[in-house]
Amino acid sequence: MTDIEVPLAPPLSAASVAGRSFNEMPLSPRLLATLQQLDYLTMTSIQAASLPIALAGHDLIAQAKTGSGKTAAFALAVLTNLNPRRFAVQAMVLCPTRELADQVTQEIRRLARGEDNIKIMTLCGGTTLRPQRASLEHGAHIVVGTPGRIMDHLERGSLNLEALNTLVLDEADRMLDMGFYDDIAFVARQCPAGRQTLLFSATYPEGIERLARQFLRNPQEVKLLEQHDGSKIRQRFYEVKHEGRLPAVAILLKHYRPVSTLAFCNTKQQCRDLLDVLHAQGFHALTLNGDLEQRERDQVLIQFANRSCSVLVATDVAARGLDIARLEAVINVDVTPDPEIHIHRIGRTGRADEDGWALSLCSPADKRRVGAIAQMMGSEPEWHGLGSLQSGNDSPLVPPMVTLQILGGRKEKIRSGDVLGALTGDAGGERKFTREQVGKITVTDQSTYVAVERSSAREAVRKLSAGKVKGKTVKVRALED
Ligand code: ADP
Ligand code: MG
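Asks: When you look at the overall build of the protein chain in this model, what are you seeing that I'm missing?
Replies: Check the secondary structure of the protein chain and you find 16 helices and 18 strands. For 481 residues, the compact-globule estimate of 2.2 N^0.38 gives 23 Å, and the C-alpha radius of gyration of the protein chain, at 25 Å, lies within 12% of that figure. In the protein chain, which comprises 481 residues, the proportion classed as buried is 53%. The contacts of the protein chain with a sequence gap of at least 6 include a subset with a gap of at least 24, amounting to 76%. Taken together, the 59 basic and 56 acidic charged side chains of the protein chain have centroids lying 6 Å from each other.

Below, the structure is given as structure tokens:
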């Protein structure tokens, strides 16, 4: 068992495995040349740790955070095992969503560009089956898809897995969250027993072990826990009675006054309750949950990322894949029972060179959980009392920016420069805005969102409405509740 544990606290670092050259791996000269062209000069930690295992033909469980280069880690093994002259499906990658499947397909295509004609197909729902069936009849070497759609093809007999030598379960934790266990099991049972199985995951919830026990053979394990410079994340625990947690979140926010805070709840109901408490106290807070339509979800994320919403309340599932550059604080409304999830949560703050607060509320009954976290992080928990905070600054916390929504987006060929121009130019009466007063501009299909300094939001709405964007009059409103 290769168990590379990178604890949160320094000094052991992923650097012991990262930074090595791909040339050390038994890869074909053509693949090595492609890697060079792509500017993949050295391996990431997860690649250095998992490639030797995967290339040696072992089953593998690899855990590393999002963005660590897991796709290439399995794609290089898949391409190495492939025989381009054999027109049959030799590798299959299961992904949780269509977007992720598309990304994986793209990355494999990039890596395969120096190889002989290798055909890679994406098989996801949302499109009709028939064209996919026709394409499959012409033969594909690699299929990438969602468990449900692959199952459909297997049931209809349009996908033959007899020649399969590699099965990849990508983002396995997320597939389990989405309830794909039975579909994955169905698909795995249709694969030849002698295949190699590679499982990749950002976290390691219980279900993964069950999946591995059932479908992997003597898997070797590689774990790269997120590595943080412990000094950047200042972690504090507050003991609070169970029923006092939600008001305590407001006390923490007023005391620490972070511009952006991600508050984690264990359930959706708790998210709703916390949102009610925060709104009642005048906080600008939003929540993410599975019931939102894509457009609504985008709006929430845009407002949070451009600093016009102070608090985003979410469950672990809803916060998946969220990548926010500047997050001053993470608040755990409950300590989670799983220390790895805790570490994953707090790792979202203190990025780049900025400090971050990781504040956790803990009921007396859950203090044991903090013990497990401290052990895993190799540090003593710092306990503080809420009482000491109450005398602090009691004025409401107000986000620095406001988001304006312009009706019209990519479909109308609006670009961010058009909006910036409309605000900083002469048109529309009002005074000209400086670049510094304008924040992030996000263009979506139907709408464009621009963050402006709170104090000049009204003026900005007037200026944009009176002037023109891309030569047209536009409807503008501020997204404030
Ligand atoms: P993960 O699946 O772990 O979330 P990805 O496989 O999507 O991460 O990789 C994240 C990004 O890193 C991608 O843009 C990919 O092209 C890039 N990448 C992967 N490996 C390397 C490498 N060795 N050198 C440079 N960039 C890399
Ligand atoms: Mg990935």
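Asks: Sorry, what's going on with the site of ligand 1 here?
Replies: Taken together, 14 residues lie around ligand 1, and Tyr 40, Thr 42, Gln 47, Gly 67 and Thr 71 are the ones closest in. Measuring from an oxygen atom of ligand 1, one finds a side-chain N or O atom of Tyr 40 at 2.4 Å. Within the contact set of ligand 1, an oxygen atom lies 3.1 Å away from a backbone nitrogen or oxygen of Gly 69. Protein contact buries 70% of the 570 Å² of open area that ligand 1 shows by itself.

Asks: Looking at this structure, how should I read the sheet that holds strand β8 (residues 233–239)?
Replies: Hydrogen bonds between backbone groups are what pair the strands of a sheet, and the pairing can be parallel or antiparallel. Read from one edge of the open sheet, seven strands run β10-β11-β9-β12-β13-β8-β14, paired in parallel fashion. Either end of the sheet is taken by a strand with one partner, and the two such strands are β10 (285–287) and β14 (383–384). In this sheet, strand β13 (residues 356–362) lies alongside β8 in parallel orientation, the contact comprising seven bridges. Residue pairing in the sheet places Ile 233 in a bridge with Gly 356 of β13.

Asks: Hey, could you run me through the packing of helix α10 (residues 245–256) against helix α11 (residues 268–280) in this one?
Replies: Contact pair α10 / α11: the axes reach a minimum separation of 9 Å and the direction vectors enclose 50 degrees. On the basis of their axis angle, the class for α10 and α11 is oblique. Pair α10 / α11 crosses with right-handed handedness. In this structure, α10 uses Arg 245, Leu 246, Pro 247, Val 249, Ala 250 and Leu 253 to contact α11, whose residues at the interface are Gln 270, Asp 273, Leu 274, Val 277 and Leu 278.

Asks: Could you clarify how one ought to interpret the domain arrangement of the protein chain in this entry?
Replies: Reports of interface size often rely on the accessible area that becomes lost once the parts have come together. Structurally, the protein chain comprises domain 1 (14–223), domain 2 (233–389) and domain 3 (401–479). A straight line from the C-alpha centre of domain 2 to that of domain 3 covers 32 Å. Residue-level contacts link eight residues of domain 2 with 12 residues of domain 3. Roughly 840 Å² is buried in total at the junction of domain 2 and domain 3, and carbon and sulfur atoms are behind 55% of that figure. It is Gln 299, Ile 302 and Asn 306 in domain 2 that bury the most area against domain 3; as a group they hold 53% of the surface buried on that side. Scanning the region where domain 2 abuts domain 3 turns up zero salt bridges. Residues of the side of domain 2 that touches domain 3, tallied by class, amount to two nonpolar, five polar and one charged.

Asks: Quick question: what am I supposed to make of the nonpolar core here?
Replies: Across soluble globular proteins, nonpolar side chains have a tendency to be buried as a group. Formed by 46 residues in total, the largest nonpolar core has its most connected members in Leu 27, Leu 79, Ile 108, Ile 142 and Val 144. When residues in this core are grouped by element, the largest group, eight residues, is from helix α3 (residues 70–81). Leu 27 has contacts with Phe 22, Leu 32, Leu 35, Leu 55, Leu 76 and Thr 80, leaving out every residue within four places of it along the chain. Of all hydrophobic cores here, the second largest spans 34 residues; its members include Leu 167, Leu 169, Ala 188 and Phe 215.

Asks: In this structure, what is going on with unusual backbone geometry? I would like to understand it.
Replies: Trans is the common state for peptide bonds, and a negative phi is the common state for residues other than glycine. One non-glycine residue, Asp 39, lies in the positive phi region at around 70 degrees. Here Asp 39 lies in the loop between α1 (29–37) and α2 (45–55). At Asn 218, a residue that is not glycine, the phi angle is positive and equals roughly 40 degrees. Since its relative accessible area comes to 70%, Asn 218 is described here as exposed.

Asks: Can you walk me through the confidence of the model for the protein chain in this structure?
Replies: Interpretation of this model should avoid reading the predicted coordinates in detail wherever pLDDT is low. Looking at the protein chain, pLDDT values average 88 and 92% of them are 70 or higher. Note on residues 1–16: pLDDT is under 50 here. Beyond four places in sequence and across chains, it has 34 contacts.

Asks: I would appreciate a short explanation of α11 in the present structure.
Replies: Residues lying three or four places apart along an α-helix face the same way, a consequence of the helix completing one turn every 3.6 residues. An ideal rise of 1.5 Å per residue puts 18 Å on 13 residues; α11 measures up with 19 Å between its terminal C-alpha atoms. Taken as a whole, α11 has its buried residues at Gln 270, Cys 271, Leu 274, Leu 275 and Leu 278. Along the axis of α11, the buried positions cluster into a sector of 135 degrees, meaning they face one direction only. Relative to its buried face, α11 has exposed residues pointing more than 90 degrees away, namely Asp 276 and Ala 280. The inward-facing, buried residues of α11 abut α10, β9 (261–264), β10 and β11 (311–314). Phi turns positive one or two residues past the end of α11, at Gly 282, with a value near 85 degrees.

The rules behind each value
Residues numbered from 1 in each chain as written. Chains lettered and ligands numbered in written order. Predicted model: local features only at pLDDT ≥ 70, side-chain atom pairs only at ≥ 80, totals over all residues. Heavy atoms only, no water. Helix = DSSP H or I, 4+ residues; strand = E, 2+ residues; numbered from the N terminus. Rg over C-alpha atoms; globule rule 2.2 N^0.38 Å. Buried < 20%, exposed > 50% of the residue type's maximum accessible area, 1.4 Å probe, protein only. Contact = heavy atoms within 4.5 Å. Lys, Arg positive; Asp, Glu negative; His and termini not counted. Charge placed at Lys NZ, Arg CZ, Asp CG, Glu CD. Near = heavy atom within 4 Å. Polar contact = N/O pair within 3.5 Å; in protein donor to acceptor, adjacent residues only side chain to side chain. Areas by Shrake-Rupley, 256 points an atom, 1.4 Å probe, with all protein chains shown as cover. Pairing = 2+ DSSP bridges. Axes fitted to C-alpha atoms, helices over the stretch in contact; angles between N-to-C directions. Parallel < 35°, antiparallel > 145°, perpendicular 65-115°, else oblique. Left-handed = near helix turned anticlockwise from the far one by under 90°. Domains from an automatic or database assignment. Buried area = accessible area lost by both parts, 1.4 Å probe. Salt bridge = Lys/Arg side-chain N within 4 Å of Asp/Glu carboxyl O. Nonpolar A, V, L, I, M, F, W, Y, C, P; charged D, E, K, R; others polar. Core = buried A, V, L, I, M, F, W, Y, C linked by side-chain atoms within 4.5 Å. pLDDT = per-residue confidence, 0-100. Expected span 1.5 Å × (residues − 1). Arc of directions from axis to C-beta.

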